[in-house]
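Single-letter residue listing:
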Amino acid sequence: MTDFFSEARSLFPYTQSLRRDFHVHPELGFREIRTSGIVAKELEALGLEVTKGVGKTGVVGLLEGAKPGPTLLLRFDMDALPIHEETGAEYASQSAGVMHACGHDGHTAIGLTVAKILNQHKNELAGTVKFCFQPSEEGNNGEEVGGAEMMMRDGVLDGPRVDMTLSLHLWNEKPLGWVNVAKGPVMAGAEEFKIKVIGKGGHGAIPDLAVDPVVCAAQIVSASQSIVSRNVGPLETAVISFTVINGGTAFNVIPKEVTMQGTIRTFDPQVRTKVLQRFDEVVKGVASAMGCQVEMMVKQLTPALINAELVTARVQETARNLLPSLNHDNSPYLTMGAEDMAYMQAKVDGCYFFIGSNNQEKQLDYGHHHPKFDFDEQALINGSALMAAAAADILK
């Protein structure tokens, strides 16, 4: 039996070098020119069939096994975030206002390491591995859709047709040595909303002659929270967060309008439908009661990320056999964070798993999207080993 953990550990200098290079040179979504160039070069050096420009800056590599079988897509995201890094690390970002604050540098390095490992075992594989290096997981970045949908539009699930998917995330909410492989929903679906509350401006000292959109907006924020507390079941899950409120120009002037933005997160499709319906009713009802008009836009960013039962069971078995000393957590509903891999898994059965990566002793325990985010690089070994072993077990 192949010892994929030992192989991943022996390749750690390669993985770490790639990760740190990507960290020093982060690139925002759909601008991963340098990153995708390195990815393509590394895959080509292995003799893989490589396609560039899939979903603008995405890269796809094909590894043919020695025997016929299904096509398994392994997805790794590449983009960074518009955050100024404050880690002080020797490999800190050299691009002002841009940093890898979510671990995608590690994901890309893991993907290339897995390609190296599986390429050494291609004669043992029954099927095809499609390495998918995806741009712009963190958002649309000015495009109509994000990276997963953009790659799907360019046919990443076809030619050859993908039968199953695997993907992962280094997870700084949990310590090194923890691994989560769970059936069912693991990440929430996300909606973005924008609301314009239109009233009638006036003097702050004579509010009765105005229709105050500020007070109306405040009531909408408060009333919307009752949707979660009173319309969603106690054992169900939903989040409504108002994150941007803009209005007014002077301390003594009631503005004509207020704009608000935010997000809604749910796991269950029926809960989502209920929350969106009540949100529409509450916003419009409160505005009407207070004499204001509203303009609303609610847009789905991603559906919930749901792991397929059979594929996930295979990965769970592999994880237990490969990494017996780790803390194995099979709990679903892991986070209200969203992930656009959900679009691919809505089309093809897949498993998205999590690798614990924080280390409090080394002060590597800041959360994702924090300016001081960094992770224990030993997690790269666990991620590479489990992804390679799971792919090999599925295609054996």
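Everything here concerns the structure above.
The residue count restarts for each chain, going from 1 along the sequence in the order it is written. Local features in a predicted model are, by the rule used here, given only for residues with pLDDT of at least 70; side-chain atom pairs are given and counted only at 80 or more, and totals for whole chains, interfaces and linings are based on all residues. Excluding hydrogens and water, the side-chain figures rest on all heavy atoms present in the structure.

S.K.: Please provide a residue-by-residue account of the pattern of salt bridges, values included.
M.R.: The term salt bridge refers to a pairing of a side-chain nitrogen on Lys or Arg with a carboxyl oxygen on Asp or Glu at a separation within 4 Å. Counted by the stated rule, this structure contains 18 salt bridges. In this structure, Arg34 and Asp21 form a salt bridge, with 3.0 Å as the shortest nitrogen-oxygen distance. Of this pair, Arg34 sits in helix α3 (residues 33-45) while Asp21 sits in helix α2 (residues 12-24), placing them 13 residues apart in sequence. Accessibility here uses a 1.4 Å probe with only protein chains present; expressed as a share of the type maximum, an area under 20% marks a residue as buried, one over 50% as exposed, and anything in between as partly exposed. When its relative accessible area of 25% is taken as the criterion, Asp21 is described as partly exposed. Lys56 serves as the salt-bridge partner of Glu143, at 3.5 Å between the closest nitrogen and oxygen. One end of the pair, Glu143, is in the loop between β4 (126-134) and α5 (147-153); the other, Lys56, is in the loop between β1 (49-54) and β2 (58-64), with 87 residues separating them in the sequence. Under the relative-accessibility criterion, Glu143 is labelled partly exposed at 31%. A relative accessible area of 42% means that Lys56 is categorised as partly exposed. Each member of the salt-bridge network shares a partner with another, and the members are Arg19, Arg20, Glu90, Asp105, Asp374 and Glu377. Elements are defined by DSSP. Helices are runs of H or I of four residues or more, strands are runs of E of two residues or more, and each kind is numbered from the N terminus.

S.K.: Residues and numbers for unusual backbone geometry, please.
M.R.: With the exception of glycine, the majority of residues adopt a negative phi angle, and the majority of peptide bonds are in the trans configuration. Cis geometry marks the peptide bond from Gly159 to Pro160; its omega dihedral reads 0 degrees. The residue Lys56 is not glycine, and still its phi comes out positive at about 75 degrees. For Asn141, which is not glycine, the phi dihedral falls at a positive 50 degrees. You can see Asn141 is positioned in the loop between β4 and α5.

S.K.: Can you tell me about the environment of Gly291, naming the residues and giving the values?
M.R.: Take Gly291: it is sitting in the loop between α7 (269-289) and β13 (293-302). Given a relative accessible area of 52%, Gly291 falls into the exposed group. Residues Gly291 and Ala115 lie 176 residues apart in sequence; the distance between their C-alpha atoms is 61 Å.

S.K.: Quick rundown of the side chain of His23? Include the residues and the values.
M.R.: Within the fold, His23 resides in helix α2. Here a polar contact is recorded for every N or O atom pair within 3.5 Å, except that within protein the pair must consist of a potential hydrogen donor and a potential acceptor, and residues adjacent in sequence are included only if both atoms are side-chain atoms. Separated by 2.9 Å, the side chains of His23 and Glu85 make a polar contact. By definition, residues are in contact when any of their heavy atoms lie within 4.5 Å. Dropping the residues within four chain positions of it, His23 is found in contact with Glu85, Tyr91, Ala92, Ser93, His100 and Asp105.

S.K.: Mind laying out the sheet that holds β13, listing which residues take part and the relevant values?
M.R.: What makes two strands pair is DSSP finding at least two bridges between them. With respect to topology, four strands assemble into an open sheet ordered β10-β12-β8-β13, the strand pairing being antiparallel. Both edges of this open sheet fall to β10 (238-247) and β13, since each of them pairs with a single strand only. Neighbour-to-neighbour, the strand axes of the sheet open up by a mean angle of 15 degrees, direction not taken into account. Across nine bridges, the pairing between β10 and strand β12 (residues 257-266) is antiparallel. The residue bridging Val239 from the neighbouring strand is Arg265, located in β12. Only the stretch in contact is used when a helix axis is fitted, and all axes are lines through C-alpha atoms; the angle between N-to-C directions ranges over 0 to 180 degrees. In the packing of helix α6 (residues 213-231) onto the sheet, contacts are made with β8 (189-198), β10, β12 and β13, and the angle to β10 comes to roughly 170 degrees. Strands in contact with α7 are β8, β10, β12 and β13; relative to β13, the strand with the most contacts, it is inclined by about 160 degrees.

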